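Notes for the structure review
Take a look at the letters that make up each chain.
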Amino acid sequence: MAFPSSWVDELLAKNEIVSVISSYIELKPKGRKLWGLCPLHGEKTASFSVSPDKQMFYCFGCHAGGTVIQFVMDMERLPYIEAVQFLAARVGMEMPHEVNDRALQEQRAYRDRLYEATQAAARYYCEQFLTDNGKAAREYAAKRGLSKEIVVRFGIGAAPDGWDALLNHMTKLGYSQKEMIDAGLLVQNIDRNSVYDAYRNRIIFPIIGTNGRVLGFGARVLDDSKPKYINTGDTPIYNKRNNLYGLYQLKNAKLADLIMVEGYMDVIGLYKAGVENAVASLGTALTQQQARLLKRYVEVVYIAYDGDAAGQNATIRGMDILSGEGLTVRIISFPDNLDPDEYVQIYGKEGFDRLKQNALSLNEFKIESMATGLDLGNENEREKYAKLACAYIGKLQPVEQERYYKLLAKKTGYDIESLKMQGRTGIGTRIKDIPLTRGGIRKRADIEDNERSILERSLISAAVQNLEAFKLLISQNGEAYIKSIEYLRLLDAMRAKDFTLAGYVSALEQDEAEHISAVLREEGVLDNPQKTINDGIARLQKLDRDEELADLQQKLKQPDITTEEKAETLQRITALIRANK
């Protein structure tokens, strides 16, 4: 979504970057910048810099950078629009489209009312957990080994065994039946024209969004009745496809990876055992939206679904969604159809850590899964499995093929060369059932330090710092020697009269914002703008000539080059060598 530039300028001005970042870390002045320990990656020496004059930040360690908007996106793990909303709320600014839209204002006010209702319900359930109404829930929690600390951390509560306990409580607080229905707290029986509590005689697990608000609830029976779990359906403030249980508790944690499990008690059971980085989908198969949410936190996700057939099928679906979003996927397999909670109760954290260390890569799991239902002791079925696996391996990168052919040879007993030959045929009847999804890992923008990138960055930094340098770069056609698309877009934007670097960067995607912010590395006293620009362009021109020389010298080695082409090539090589002197 594009916001009016004047509105963004006001937002950035009211959310002064030093003030915002100082609420997260301590900053100390050094030169023209402020410095601190980067909150986005672990470090002992301050490499995180803030430029008050440009209203930008840049980390020399992890290369994160941008405006206060990009900082909030990283720290609060929010997408762009939500980060803008976060900053607008911080200073009491209306979003542009809401300023004169009464209907939108009313909708927002109503959503806020529903948030207040779910928060009040969560408090009520927590209070009930400690009363006689919560005795059965407390006994269940004790049976599962849930300490007071765990109950408090996850906000666990209890719904009384009645049809209108919550209804009566919320009515006294001033909430209408419509508000309670819309928040998912009541169920309406249209035939009888009546309403009743959505959850009765159940232990309650509040679902908390990354913004800290209660969105809905999960509720488990305390006996053997069905259904075992009831979850809040979609409401104006909650969509299960866009949220993950347990993620709020990890909001400020420094995470190397996340464990993806299926249920509330899997998250809590793993936490109890000492595995504190698990999250769960909310009564739905893993979605693309949830994968994108995970990607804001980590680059590596371990899928730890139940060991039964349904869990394995969910694993196959989930790993392709995660991989498709550029996440590295590992699969933890549980023996004997156990779920994660059951497994750690028996084998503890040490056992879980062993499984994690031996977790399968996405490709390993797919290759292993092809043997499901086949008897590898039977020659015909072993051959069938080998053909399936070879058809899959044959589509991988050469280095990966080498690894997996070796594993397949050990599993089937076939010769590696025979397997490779089979893989080159591409024959495999079930390969379509096991989709190949490849995606790169989303990392911080790589800030290259080869000669060209350093020169381009230096020129752009000079142009950003000094109007004379910018005009000189344009007048000397310096753009013709710059290859970075991001820098060329920036130079084009700088032609506008109302251009500000912070305003420009604030609207960029994360990777491009980090790339542009790297120009802050080259900041310094610009004593001679003309010399900086002229020298930089001259050195880039020489690099271009050197690249052309290398290409022409390779052309001379081609066996099919004609006499005329060879003469022209030698003439051009001579001209380039003279120009370089």
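Calculation criteria
Residues numbered from 1 in each chain as written. Predicted model: local features only at pLDDT ≥ 70, side-chain atom pairs only at ≥ 80, totals over all residues. Heavy atoms only, no water. 1 Å grid on protein atoms, 1.4 Å probe; cavity = no way out; pocket = protein on both sides within 12 Å on 5 of 7 lines; lining within 4 Å. Points joined across faces, edges and corners; volume = space filled by probe spheres on them. Nonpolar A, V, L, I, M, F, W, Y, C, P; charged D, E, K, R; others polar. Patch = residues over 30% accessible without salt bridge, like charges linked within 9 Å, V, L, I, M, F, W, Y side chains within 5 Å. Areas by Shrake-Rupley, 256 points an atom, 1.4 Å probe, with all protein chains shown as cover. Salt bridge = Lys/Arg side-chain N within 4 Å of Asp/Glu carboxyl O. Lys, Arg positive; Asp, Glu negative; His and termini not counted. Charge placed at Lys NZ, Arg CZ, Asp CG, Glu CD. Helix = DSSP H or I, 4+ residues; strand = E, 2+ residues; numbered from the N terminus. Buried < 20%, exposed > 50% of the residue type's maximum accessible area, 1.4 Å probe, protein only. Pairing = 2+ DSSP bridges.

**Digging into empty space enclosed by the protein**
Under the counting rule described, the total for this entry stands at three cavities of 30 Å³ or more. When its volume is computed, the largest cavity comes out at roughly 50 Å³. Lining the largest cavity, in full, are Arg153, Phe154, Gly246, Leu250, Val267, Tyr271, Val275, Glu276, Asn277 and Ala278. Of the residues belonging to the lining of the largest cavity, the class tally is six nonpolar, two polar and two charged.

**Topic: a negative patch on the surface**
Judged by side-chain charge, Asp560, Glu564, Glu565 and Glu568 come together as a negatively charged surface patch. Mapped onto the secondary structure, Glu568 falls in helix H24 (residues 563-580). Given the relative accessible area of 47%, Glu568 is considered partly exposed.

**Thoughts on the pattern of salt bridges**
Evaluated as defined, the whole model comprises 30 salt bridges. A salt bridge links Glu456 to Arg452; the nearest nitrogen and oxygen atoms lie 3.5 Å apart. Taken together, the residues Glu456 and Arg452, both in helix H18 (residues 451-465) and four residues apart, mark about one turn of the helix. Classification of Glu456 by relative accessible area gives buried; the value is 4%. For Arg452, a relative accessible area of 12% corresponds to the buried category. Residue Glu548 pairs with Arg572 through a salt bridge whose shortest N-O separation is 2.9 Å.

**A look at the sheet that holds strand S15 (residues 328-331)**
Here we have five strands laid out as an open sheet, ordered S13-S12-S14-S15-S16, and mixed in their pairing. Two strands in the sheet have a free side with no partner beyond their single neighbour: strand S13 (278-280) and strand S16 (360-361). Judged from the three bridges that link them, strand S12 (residues 258-261) and S13 form a sheet pairing that is parallel. Note that in S13 the partner of Ile259 across the bridge is Ala278.

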